[in-house]
Amino acid sequence: MKIKLLALGEKMPAWVQEGVNEYQKRLTGSSIQLQVIELPIAKRTKTGSIDGWLAQEAKTVLSKLNEQDHLVILDVQSKLVSTEELAQKMENWQQNTPNVAILIGGPDGIDDSIKHLAKEKISLSKMTFPHPIVRIIFAEQIYRAWTILQGHPYHK
C-alpha cells in the first residue's frame, strides 16, 4: 500500500526530515510505502484573504491527487482515533484502497472544497501541534499501526 503524506509547508528544519526518515526506513521492506510530499503554502500578504489563500492551496493539493487516491484529512475538529483504530483503518485501506493520501493542512487549515472530497477526516488530538511535528507524529503512528497489524511488540 502506498501512503502519500501531503504536507502544506516547505523548507522544514533538518530534524523534521530526520524524524520522518527514521519511520520511512523502519517501514522499508514492509507492505507500506510512506512518501512525504511537501507542498508550498500560499504567500500571505497584507491585502490577501484567508479564503483566497486556502483556495490557492486547494489547487496545489488537487494537483497531487489522482482518482485512485483515498483522501484522508487531519482535522482537529474531526473524530479522534486511537492507534489501534488507525491500525484497523490501515488494514481496511490495504484491502480496499491501496493508494491513500493523507493531508496535513497549512497555517489556516484546509479549504472546504478539499474537505468535501475527503473520504475520511480524523484527528490526532484535540491539542494543536506545530505542523512540522505532525509530520513526525503521523509517520510514527503509521509505523506503530503497521507493527500492531504484524503482531510486533513495538506497540507495547
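Residues numbered from 1 in each chain as written. Predicted model: local features only at pLDDT ≥ 70, side-chain atom pairs only at ≥ 80, totals over all residues. Heavy atoms only, no water.

The next point concerns the environment of isoleucine 50. By secondary structure assignment, the location of isoleucine 50 is in helix α2 (residues 50-63). Accessibility expressed as a relative area gives 42% for isoleucine 50, which makes it partly exposed. Measuring from C-alpha to C-alpha, the distance between isoleucine 50 and threonine 128 comes to 19 Å, with 78 residues separating the pair along the chain. (Helix = DSSP H or I, 4+ residues; strand = E, 2+ residues; numbered from the N terminus. Buried < 20%, exposed > 50% of the residue type's maximum accessible area, 1.4 Å probe, protein only.)

Attention now goes to α2. Taking 1.5 Å per residue as the helical rise, α2 with its 14 residues ought to reach 20 Å, and the 20 Å between its terminal C-alpha atoms agrees with that figure. Each element contacted by the buried residues of α2 is listed here: β1 (2-8), β2 (33-39), β4 (99-104) and α4 (112-117). (Expected span 1.5 Å × (residues − 1). Contact = heavy atoms within 4.5 Å.)

According to the stated counting rule, one finds one cavity of 30 Å³ or more in the structure shown. Considered as a void within the structure, the largest cavity measures approximately 40 Å³ in volume. As for the largest cavity, its lining consists of Leu8, Leu54, Glu57, Ala58, Val61, Leu103, Gly109, Ile110, Asp111 and Ile114. The leading source of residues in the lining of the largest cavity is α2, at four residues. Residue classes in the lining of the largest cavity are distributed as seven nonpolar, one polar and two charged. (1 Å grid on protein atoms, 1.4 Å probe; cavity = no way out; pocket = protein on both sides within 12 Å on 5 of 7 lines; lining within 4 Å. Points joined across faces, edges and corners; volume = space filled by probe spheres on them. Nonpolar A, V, L, I, M, F, W, Y, C, P; charged D, E, K, R; others polar.)

Residues Trp15, Met127, Phe129 and Ile133 make up a contiguous nonpolar surface patch of about 390 Å² in total accessible area. Within the secondary structure, isoleucine 133 sits in helix α5 (residues 131-150). Overall, isoleucine 133 belongs to the partly exposed group, its relative accessible area being 32%. (Patch = residues over 30% accessible without salt bridge, like charges linked within 9 Å, V, L, I, M, F, W, Y side chains within 5 Å. Areas by Shrake-Rupley, 256 points an atom, 1.4 Å probe, with all protein chains shown as cover. Salt bridge = Lys/Arg side-chain N within 4 Å of Asp/Glu carboxyl O.)

With that settled, consider the layout of surface pockets. The calculated volume of the largest pocket comes to roughly 410 Å³. In terms of lining residues, the largest pocket is bounded by 21 residues, among which Leu74, Asp75, Val76, Thr128 and His131 are the most central. In the lining of the largest pocket, the residues fall into ten nonpolar, eight polar and three charged.

Note that every value here comes from positions in space, so none of it alone points to a role or purpose.
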